[in-house]
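For reference, the chains in residue letters:
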Amino acid sequence: MNGSLIFDAAYCDSPAINEKSLNNVVRSRKGAKKLKTGPSDPVTNHKASFTLTQTGERMSDYEYDLLVIGSGPAGQRAAIQSAKLNKRVGIVERKAVLGGVCINTGTIPSKTLREAVLHLSGYRERGLYGASYTVKQHITMDDLVFRTEHVIRHEIDVTRHQLMRNQVELLAAEAAFVDPHTIRLYYVDGRGYRDVTTGAVVIATGTSATKDAHITFDGQHILISDDILNLKHLPRTMTVVGAGVIGIEYACIFAALGVRVTVIDKRQRLLPFVDAEIIDALAYHMRSSRVTLRLGEEVKGFEVVDDVKRGKRVHIHLASGKHIITEAALHSIGRTGATDKLNLQAAGLCTDTRGRLQVNAQYQTEVPHIYAAGDVIGFPSLASTSMEQGRLAACHAHGVDATSVPELFPYGIYTIPEISTVGRNEEELTAQGIPYEVGKAHYREIARGQIIGDSTGMLKLIFHMETHELLGVHIIGEGATELIHIGQAVMAFGGKVDYFVNTVFNYPTLAECYKTAAFDGINRLG
């Protein structure tokens, strides 16, 4: 990404982070009367010290009620939720831009890139106008990055405005624990550091792409997902090592551009947490786009070879003895928690081998007043779930009741075609011994599917055979991540498949798939 995205100037211009606020963060206690002891703190479970202001209000002696480390989706929501509760909140961000991986190198860039590819390649209209249809014949990385950078800049500005509007103090610094309630802030502008105290902490530092120390990454031939937007040109061939969500999404994106893509993974099936029938459909579509899936294979080594005629090529050696030659190799074997510089030992915390923190149902770590949310705690590592985790952590930290239903969190996977699921799949229900029936609707049966040129999509309902309670919804096809919310809402209220039989959907819409699938399922009961 170019220099237009750098955010240093914005930090300096912000009234919440100007020179005065950096040097005078501790609020004035002039004229205050100090209590000798305070009531038991529900978060830390020890005696909390308070100060009485001149108006008689109680104020914690900590400089912040909550300090959030990281400005991604989880950090943003935790900070704003706390601010809505009239708490003194600071959010620490070590990068020159706000938004974390989500806005700058992850979710927003990849989904915007996908949208640009679908538009410029004419992929959505090929079902109507033929496989050769395209909006732009010669698509370049500049074409794709133009749209992506525009969206990134906008999202950064929106995030900054939301935090400032809620009076969240923005701290451009790198954080490290001194003790469980004290955090040292090393300013990114090199002006040194200072220590601040906080009643509670939310660690929302996210993750970074896992790299093999034995591989030399050059960002052009051997690269990670963060390097995608910096590619100088579109490769003609690409090999994706690692068939997780990120790897599969990028494999589909580049395949839609006509790049010959190979996917390598040690597992025997793609995305094992997704319904098997949906994954089988995805694998079929990927192969139709000339993607080669080499599952059950392990990479033994990489080698960049300078071919006199064709330029540099990456030679990938597999443990099975196979040999793959590709122009670019995307290394996508997972992500590691960005916790190595937090000095977690000083706070009494430790991580797993991937740098991730363990939390309980309230998102508390082993130290009760220190919370963690978002990708840094592992699966599902989605922006949507991270936002909710940050909100719930902040509520619990301040003793505010808040509930959510993790079992009904939807999953959105932006492959081509996209996938979305909520609830349980067939494999899980079979293992649990729950009697169920399935109803399906194919986009080709729906007028809207024909109108938009998607004849391959499918919606699948799973419901209890005896009670008819809706147990799961699984969709592959255009608009899947939007359609899923209808099923999610019905499940949240304990609805039955009969609801879809008896309701009326606009015509023509993809939502009609719910009614068609419901009839299909009910008819299977005999």
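A brief report on the enclosed structure follows. In this numbering scheme, every chain counts its residues from 1 along its sequence in written order. In keeping with the predicted nature of the model, local features appear solely for residues at pLDDT of at least 70, side-chain atom pairs appear and are counted solely at 80 or more, and the whole-chain, interface and lining totals rest on all residues. Values shown for side chains rest on all heavy atoms present in the structure; no hydrogens or waters enter the calculation.

### Here we look at the overall build of the protein chain
Right, on to step 1. Secondary structure elements are defined from DSSP: runs of H or I of at least 4 residues count as helices, runs of E of at least 2 residues count as strands, and each element is numbered from the N terminus. If you tally the helices and strands in the protein chain, you get 15 helices and 24 strands.
Right, on to step 2. Remark: exposure states derive from per-residue accessible area (1.4 Å probe, protein chains only) relative to the maximum for the residue type, with buried under 20%, exposed over 50%, and partly exposed in between. The buried share among the 526 residues of the protein chain stands at 51%.
Right, on to step 3. Sequence separation of 24 or more characterises 62% of the internal contacts of the protein chain that already satisfy a separation of 6 or more.
Right, on to step 4. Here, Shrake-Rupley sampling with a 1.4 Å probe gives the accessible areas, and only protein chains in the shown set may cover a residue. Element-wise, carbon and sulfur atoms account for 50% of the exposed surface of the protein chain, whose accessible area totals about 24,700 Å². Every residue pair with non-hydrogen atoms within 4.5 Å of one another is taken to be in contact.

### Here we look at the sheet that holds strand S16 (residues 323-326)
Right, on to step 1. Strand order in the open sheet made by the three strands is S14-S15-S16, with antiparallel pairing throughout. The open sheet has two free edges, formed respectively by strand S14 (299-307) and S16, since each of these has just one partner strand. For this sheet the average axis-to-axis angle between neighbouring strands, irrespective of direction, equals 20°.
Right, on to step 2. In terms of strand pairing, strand S15 (residues 311-318) meets S16 through four bridges, oriented antiparallel. By the bridge assignment, Val314 is partnered in S16 with Thr326. Pairing between strands is defined by DSSP: at least two bridges between them are needed. Note on definitions: angles span 0 to 180 degrees between N-to-C directions of axes, and those axes are lines fitted to C-alpha atoms, for helices only across the stretch in contact.

### Focus on the pairing of strand S23 (residues 458-464)
Right, on to step 1. Among the seven residues of S23, seven are classified as buried, and the element is accordingly described as predominantly covered.
Right, on to step 2. As paired elements, S23 and strand S24 (residues 470-476) share six bridges and run antiparallel to each other. The residue bridging Met458 from the neighbouring strand is Ile476, located in S24.
Right, on to step 3. Between S23 and S24, which pair antiparallel one after the other, the connecting turn spans five residues, and His468 there sits at a positive phi close to 70°.

### Thoughts on the packing of helix H5 (residues 107-121) against helix H7 (residues 141-165)
Right, on to step 1. Close contact between H5 and H7 brings their axes to 9 Å; oriented N to C, the two are set at 140°. For the element pair H5 / H7, the angle class is oblique. By crossing handedness, the relation of H5 to H7 is classed as right-handed. Between H5, through Ile108, Pro109, Thr112, Leu113, Glu115, Ala116, Val117, His119 and Leu120, and H7, the contact on the second element is made entirely by Asp143, Leu144, Arg147, Thr148, Val151, Ile152 and Glu155.
Right, on to step 2. Grouping the constituent residues of the contact of H5 with H7 by class yields nine nonpolar, three polar and four charged. An angle below 35 degrees is read as roughly parallel, one above 145 as roughly antiparallel, one from 65 to 115 as roughly perpendicular, and any other as oblique. If you view the pair so one helix is near and one far, a crossing is left-handed when the near helix is turned anticlockwise from the far one by less than a right angle, and right-handed when it is turned clockwise. Just so you know the grouping, Ala, Val, Leu, Ile, Met, Phe, Trp, Tyr, Cys and Pro go in nonpolar, Asp, Glu, Lys and Arg go in charged, and all remaining residues, Gly too, go in polar.

### A look at the sheet that holds strand S13 (residues 292-295)
Right, on to step 1. Spatial ordering of the open sheet is given by S10-S17-S11-S12-S13, a layout of five strands whose pairing is parallel. The sheet is open, and its two edges are formed by strand S10 (222-223) and S13, each paired on a single side.
Right, on to step 2. Sheet analysis places S10 next to strand S17 (residues 328-331), joined by two bridges and oriented parallel. In the sheet register, Leu223 faces S17, and the bridge partner there is Leu330.

### Focus: the nonpolar core
Right, on to step 1. Ranked by size, the top nonpolar core spans 51 residues in total, and within it Leu144, Phe254, Val261, Val263, Leu270 and Met286 carry the most contacts.
Right, on to step 2. For this core, the secondary-structure elements that each account for two or more residues are helix H4 (100-104), H5, H7, strand S11 (237-241), helix H8 (245-256), strand S12 (260-265), helix H9 (276-288) and S17.
Right, on to step 3. When residues of this core are assigned to their parent elements, the largest contribution, eight residues, is made by H8.
Right, on to step 4. Leaving out residues up to four positions away in the same chain, Leu270 has contacts with Ala243, Ile248, Ile279, Ala283, Met286, Leu293 and Leu295.
Right, on to step 5. Counting residues in hydrophobic clusters, the runner-up holds 47 residues, among them Val196, Leu344, Ala373 and Ala397. As used in this record, nonpolar core signifies buried Ala, Val, Leu, Ile, Met, Phe, Trp, Tyr and Cys residues forming a set joined through side-chain atoms within 4.5 Å.

### Quick look at the environment of Ala329
Right, on to step 1. Looking at the element boundaries, Ala329 is found in strand S17.
Right, on to step 2. A C-alpha to C-alpha distance of 9.1 Å links Ala329 and His315, two positions 14 residues apart in sequence.
Right, on to step 3. In this structure, Ala329 is in contact with His221, Ile222, Leu223, Thr239, Phe302, Val314 and Ile316, ignoring residues within four places of it in sequence.

### Re the side chain of Glu512
Right, on to step 1. Checked against the element boundaries, Glu512 lands in helix H15 (residues 512-524).
Right, on to step 2. Working convention for charge: Lys and Arg count positive, Asp and Glu count negative, and His plus the chain ends are omitted. Here, a salt bridge means any Lys or Arg side-chain nitrogen found within 4 Å of an Asp or Glu carboxyl oxygen. Although Glu512 is buried, it forms no salt bridge, and the closest oppositely charged side chain is Arg448 at an N-O distance of 8.3 Å.
Right, on to step 3. Residues in contact with Glu512, not counting those within four places in the same chain, are Ile446, Phe505, Asn506 and Tyr507.

### Description of unusual backbone geometry
Most of the time, phi is negative for any residue but glycine, and the peptide bond is trans.
Right, on to step 1. Here Ile416 and Pro417 are connected by a cis peptide whose omega angle stands at 0°.
Right, on to step 2. Mapping Pro417 onto the fold places it in the loop between strand S20 (411-413) and strand S21 (419-423).
Right, on to step 3. In this structure, Pro508 follows Tyr507 across a cis peptide bond, with omega equal to -5°.
Right, on to step 4. Even without being a glycine, Asn86 presents a positive backbone phi close to 60°.
Right, on to step 5. Structurally, Asn86 can be placed in the loop between helix H3 (73-84) and strand S5 (89-93).
Right, on to step 6. The residue His468 is not glycine, and still its phi comes out positive at about 70°.
Right, on to step 7. Along the chain, His468 falls in the loop between S23 and S24.

### A word on the environment of Ile248
Right, on to step 1. Tracing the backbone shows Ile248 in helix H8.
Right, on to step 2. Assessed through its relative accessible area of 0%, Ile248 is described here as buried.
Right, on to step 3. Considered as a pair, Ile248 and Leu270 are 22 residues apart in the sequence and their alpha carbons are 8.4 Å apart.
Right, on to step 4. Each residue touching Ile248, except ones within four places of it in the same chain, is listed here: Ala243, Val263, Leu270, Leu282, Met286 and Thr415.

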